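# Structural features, examined
Okay, here's what each chain looks like letter by letter:
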Amino acid sequence: MIKFENVGLRYGLGPEVLSDLTFQIKPNSMQFLTGPSGAGKTSLLRLMLMSLRPTRGLVTVFGKDAASITPEQLPAIRRKIGVVFQDFRLLDHLTTYENVALPLRVRGSSESSYRSDVTDLLGWVGLGERMHVLPPVLSGGEKQRVAIARALIDQPDILLADEPTGNVDPPLARRLMRLFLELHRSGTAVILATHDLGLMDQFNARRLVLNQGRLQIYD
Amino acid sequence: MTKAPEKPTPVPKPDQQVGSQPRPIIEAENFAQPPKRKGRTKRLHSGSEIVPTETIAGQALMFVIAIMSFLACLTLGTVTIINQTAHDWQSDISREVTIQIRPFDNVEMDKAVREASKIALGFEGISKVIALNDDAAAKLLEPWLGTGLNIEELPVPKLLTVTIESDAKPDFEAMREALKVNVPGSSLDDHRAWVDRLNTMAWAMVMVGISIFSLVMAATILTVIFATRGAMDSNRNVVEVLHFVGADAGFISNEFQQHFLKLGLKGAASGGAAATLLFIALGLWSSASIGTPQADQIKALFGTFSLGLSGYIGIIIVLVLIAFLTALTTRITVHRYVNSLYSYNSGGK
Ligand SMILES: Nc1ncnc2c1ncn2[C@@H]1O[C@H](COP(=O)(O)OP(=O)(O)O)[C@@H](O)[C@H]1O
Ligand SMILES: [Mg+2]
C-alpha cells in the first residue's frame, strides 16, 4: 500500500533527518512507529501523507509513484488515508460534531446520510455529551478523541496517527488503542507513531523504530 | 473516564457504509455511554460556514466593489447619453442641407435663388426648399450689424434650406455639380464636415469611456484577487485541514466563492443603485430647470439626462458582470492557491 525505497529527507540545507528508508506498509497491517522525540516520526508520517516530498528515494502510495501524482488526483488518494495530527488540527469555529463530519461533508454526502454514524462514533469515543461544543472548550484528551473520530469516520484504508495517545491518561490510552485495533481488524492498515513504550508492550504488533535517521523493523 | 459505570452495550454496526461489509468500529464496552439528558436541545451545528466569514475583510471589500460599480455605471451612463445625443444631433443635421448663393456682380439674386431651388427640387428625396427671406436674414445678422438695415443694399449671401425626406439619400455630389454649373456663386453645404467631426468626437468619448470602464473593472478584479488571497492566508489552517480530509479544489473554492459572490452582489447592487439615483436626480433637475440658460446649455450639449431603457438595462448587465467577475476571480484565485498547496512538488517546507 505504501512503499519506501531508499528514501532520504532533509529540511532545507540541514542534516538528513531520515536516511535510506526502505520498507512497506501492507494492507490491513498494524504497526507502531517509534523512536525518541525528534527522531523523525512526524516527518515520516508526512512523507506517507505526501505533504512532504523526499529529498531522494522513491515513495509509492497505492501503487502510484508519489512524485507523479497530480494535484487533481491527490484528493481522491487523501480520502483513503485517515490522519490524526499530533496537534489535532481541529477547526475551532465548528462544533465537535461538525469537525468529525467534515470528511463526509467534503465528499458531498448529505447530512441525513451520516448524522447517525457521526453521533454513534462520538458516543463510542466517549464524547456523546460534547458533540455540540466548540474545540476551544475541550480538554487536550477530548480534542485528541475528536481528531481520532474525524480520521476514522470514513473508514480509511490507511490510518496515520501521530502520538494519538499523547494527551490522555493510561486507561483512556488503552481504550483508544482498542479502537485502533478494532479498526485494524475491520480492514484498515494502521500506523501509530508513539514513544510510549509501556503502551506498545501491551500490544503485540510490528514495530518500526527510528533512531538517528535510520529505521529498524521488528516484525 | 469516570463519568458512568461501564456497561456492555451491543456492538453498533453502521449499516450504510460505502464498500463491502459494514465494519464495526469499536467494541462498545470500551466506552461508557453517559446517560442521556432529557429536555435539553443542544444544537449540533455551530451555524458557521466551513470558511469562517468573520475572518474575511468583507465590509471593506464590499465598499470597494460598491465604489467601483458606481464608477462603472456612471461611465456607462455617460457614454450612453453622449452616444445618444451625438446620434440625435447627427440625424437632425443630416435631415437638412444648405445652399448658399454669394452675390455675383452680374447675377440677379432672385433669379439665382429660383434656379437653385428648381435644381434642388429636381433631385429625388427632397421634400422642400425654403429661401431665407430678407427679414429673416436681417434678424440673423442683427447681433452683428444692428437693427434698421436694408439688407438688399448689402452683399449678403442668400441661404436656402433644403429639407430632405427622412431616410432618403439624395445624390449631393450631382446636386453640387449641377448648382455649380447653373448658378454661379452657389455652393452646397451638406454639413458633412460637421457630422464627421461630431462622429469623431462621439467616438473618442466612447473610447475614453470604454478605457475608464476597463480600468475600473481591472481595479475591481485586482482588489478581489488581493482580498481572496488575504482571506486564503488568514484561513490557511482551514484550507489545509480541508485538504487533508480530502476536499478537492472545487469544494474549497465553492466555500469561498459563495461568500465573495454575496459580497459582490451586495456591493454591486448598492453602487448601481447610487448611480441610478444620481441619473434620475439629474434627469429631474434638468427637466425642472428647463428654460434657465444653464439648463438650455446643458441640454444642448447632453440632450436630456434621461438614460433610457437601454441605459438602465446596461447598468443591470454591468452589475451582474461585476458580481460574476468577483465570484469567478475568487474561484480562479482559490484554485491556484489550492493547487499550489496540493502540489506535491512544492518541496519540503
Ligand atoms: N518544518 C521543519 N523544518 C525544519 N526542521 C524540521 C521541521 N520539522 C521537523 N524538523 C526537524 O526534523 C527532526 C525530526 O522532527 P520530527 O519529525 O517532528 O520528529 P518526531 O515527530 O519524531 O518528534 C527534528 O530535528 C526537527 O527539528
Ligand atoms: Mg512528532
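This text follows the structure it describes.
As a starting point, this report considers the structure included with it. (Residues numbered from 1 in each chain as written. Chains lettered and ligands numbered in written order. Predicted model: local features only at pLDDT ≥ 70, side-chain atom pairs only at ≥ 80, totals over all residues. Heavy atoms only, no water.)

## As for the overall build of chain B
Put simply, the test is: Counting from the N terminus, the helices are the DSSP runs of H or I reaching at least four residues and the strands are the DSSP runs of E reaching at least two. Partly exposed describes any residue whose relative accessible area lies between the buried limit of under 20% and the exposed limit of over 50%, with all areas from a 1.4 Å probe on protein chains only and scaled to the type maximum. Contacts between residues were defined by any pair of non-hydrogen atoms, one from each residue, lying within 4.5 Å.
Counting its regular elements, chain B contains nine helices and four strands. Its helices and strands in sequence order give chain B the pattern α-β-α-β-α-β-α-β-α-α-α-α-α, from N to C terminus. Within the span of chain B, comprising 349 residues, buried residues form 39% of the whole. Counting only contacts in chain B whose residues sit at least 6 apart along the sequence, the fraction spanning at least 24 positions is 83%.

## With respect to the site of ligand 1
Under the convention used in this document: In this text, near means that some heavy atom of the residue lies within 4 Å of the molecule or strand in question. N or O atoms within 3.5 Å of each other form a polar contact, as long as, within protein, one can give a hydrogen and the other can take it, and as long as residues adjacent in sequence are counted only when both atoms are side-chain atoms. All accessible areas in this document rest on Shrake-Rupley with a 1.4 Å probe, and a residue is counted as covered only by the protein chains that are shown. As a working rule, the residues Ala, Val, Leu, Ile, Met, Phe, Trp, Tyr, Cys and Pro are called nonpolar, Asp, Glu, Lys and Arg charged, and the rest polar, with Gly in that last group.
For ligand 1, the set of nearby residues contains 11 residues, the closest of which are Gly38, Gly40, Lys41, Thr42 and Ser43 of chain A. Of the chains in the model, those with residues near ligand 1 are chains A and B. One of the backbone N or O atoms of alanine 39 of chain A is found 3.3 Å from an oxygen atom in ligand 1. Here ligand 1, which alone exposes 560 Å², has 58% of that area covered by the protein. In terms of residue count, helix 1 (residues 41-49) of chain A provides more of the shell around ligand 1 than any other element does, three residues in total. Here the residues of the shell around ligand 1 are counted per class, giving four nonpolar, five polar and two charged.

## Quick notes on helix 3 (residues 134-145) of chain B
What counts here: Expected helix span is computed as 1.5 Å times (number of residues minus one).
The terminal C-alpha atoms of helix 3 of chain B, which comprises 12 residues, lie only 14 Å apart, well short of the 16 Å expected from a rise of 1.5 Å per residue. Within two residues after helix 3 of chain B, glycine 146 of chain B carries a phi angle of roughly 80°, on the positive side.

## Let's talk about helix 2 (residues 109-121) of chain B
Residues and elements named next belong to chain B. Our working rule: Here the arc refers to the directions that run from the helix axis out to each C-beta atom.
Its 13 residues give helix 2 an end-to-end C-alpha distance of 18 Å, which sits within 8% of 18 Å, the value for a rise of 1.5 Å per residue. Those residues of helix 2 that sit buried are Met109, Ala112, Val113, Ala116, Ser117, Ile119 and Ala120. Seen from one end, helix 2 has its buried residues packed into an arc of 160°, which puts them on one side. Along helix 2, exposed side chains directed more than 90 degrees from the buried face belong to Lys111, Arg114 and Lys118. Where helix 2 is buried, its residues contact strand 1 (96-101), strand 2 (126-131), strand 3 (158-164) and helix 4 (172-182).

## As for the packing of helix 3 (residues 96-106) of chain A against helix 5 (residues 140-152) of chain A
Residues and elements named next belong to chain A. As a reminder of what qualifies: In this analysis an axis means a line fitted to C-alpha atoms, helices contributing only their contacting stretch, and an angle means the value between N-to-C directions, from 0 to 180 degrees. In what follows, roughly perpendicular refers to angles from 65 to 115 degrees, roughly parallel to angles under 35, roughly antiparallel to angles over 145, and oblique to any angle outside these ranges. The crossing is said to be left-handed when, going from far helix to near helix, the turn is anticlockwise and less than a right angle, and right-handed when the turn is clockwise.
Where helix 3 contacts helix 5, the axes come no closer than 7 Å and their chain directions differ by 30°. As judged from the angle between their axes, helix 3 and helix 5 are roughly parallel. Between helix 3 and helix 5 lies a crossing whose hand is right-handed. Here Thr96, Asn99, Val100 and Pro103 of helix 3 come into contact with helix 5, specifically with Val146, Ala149 and Arg150. Each residue belonging to the contact of helix 3 with helix 5 can be placed in one class, and the counts come to four nonpolar, two polar and one charged.

## Description of the coordination of the magnesium ion (ligand 2)
All names here are of chain A. Just so we agree on the cut-off: Sites may look incomplete, because water is not among the atoms used; the donor set itself consists of N, O and S atoms within 2.8 Å of the metal (3.2 Å for Na, K and Ca).
Here the magnesium ion (ligand 2) is held by Thr42 (OG1) and Gln86 (OE1), and the distances to it run 1.9 to 2.4 Å. Note that threonine 42 is positioned in helix 1 and glutamine 86 in the loop between strand 6 (81-84) and helix 3, a separation of 44 residues in sequence. Exposure remark for threonine 42: the relative accessible area of 32% places this residue in the partly exposed category.

## Looking at the sheet that holds strand 1 (residues 2-10) of chain A
All names here are of chain A. Rules: Two strands pair under a simple rule: DSSP has to find at least two bridges between them.
Strand order in this open sheet of four strands is 2-1-4-5, and the pairing throughout is antiparallel. Since the sheet does not close on itself, it has two edges, and those belong to strand 2 (16-25) and strand 5 (64-65), each with one partner. Taken together, the six bridges between strand 1 and strand 2 define a ladder with antiparallel strand orientation. By the bridge assignment, valine 7 is partnered in strand 2 with leucine 21. Strand contacts of helix 1: strand 1, strand 2 and strand 4 (56-61), with the helix running at about 55° to strand 2, the strand carrying the most contacts.

## Thoughts on the pattern of salt bridges
Selection rule: The term salt bridge refers to a side-chain nitrogen of Lys or Arg lying within 4 Å of a carboxyl oxygen of Asp or Glu.
All told, the structure shown has 14 salt bridges over all chains when counted by the stated rule. Here aspartate 248 of chain B makes a salt bridge to arginine 79 of chain A, at a shortest N to O gap of 3.9 Å. Placement of the pair is aspartate 248 of chain B in the loop between helix 6 (236-244) and helix 7 (249-288) and arginine 79 of chain A in the loop between helix 2 (74-78) and strand 6, with the two residues belonging to separate chains. Take aspartate 248 of chain B: its relative accessible area is 33%, and that puts it in the partly exposed class. Note that arginine 107 of chain A and aspartate 154 of chain A form a salt bridge whose closest N and O atoms lie 2.7 Å from each other. Residue arginine 107 of chain A is found in the loop between helix 3 and helix 4 (111-124), and its partner aspartate 154 of chain A is found in the loop between helix 5 and strand 7 (158-162); the two are separated by 47 residues along the sequence. Exposure remark for aspartate 154 of chain A: the relative accessible area of 18% places this residue in the buried category. Salt bridges here are not isolated pairs; linked through shared partners, they connect Arg89 of chain A together with Arg236 and Glu240 of chain B.

## Things to note about unusual backbone geometry
Residues and elements named next belong to chain A. With a phi close to 50°, phenylalanine 62 is a non-glycine residue in the positive phi region. Within the secondary structure, phenylalanine 62 sits in the loop between strand 4 and strand 5. Non-glycine residue phenylalanine 88 carries a positive phi angle of around 65°. Positionally, phenylalanine 88 belongs in the loop between strand 6 and helix 3. You can call phenylalanine 88 buried: its relative accessible area is 12%.

## Comments concerning the pairing of strand 3 of chain B
Residue and element names in this part refer to chain B. Where burial is concerned, most of strand 3 is hidden: five out of the seven residues are buried. Of the strand pairs in this sheet, strand 1 and strand 3 are connected by six bridges, and their pairing is antiparallel. Bridged to isoleucine 101 within strand 3 is lysine 158. Both strand 2 and strand 3 contribute to a ladder of five bridges, which runs antiparallel. The partner of isoleucine 130 across the bridge, within strand 3, is threonine 161.

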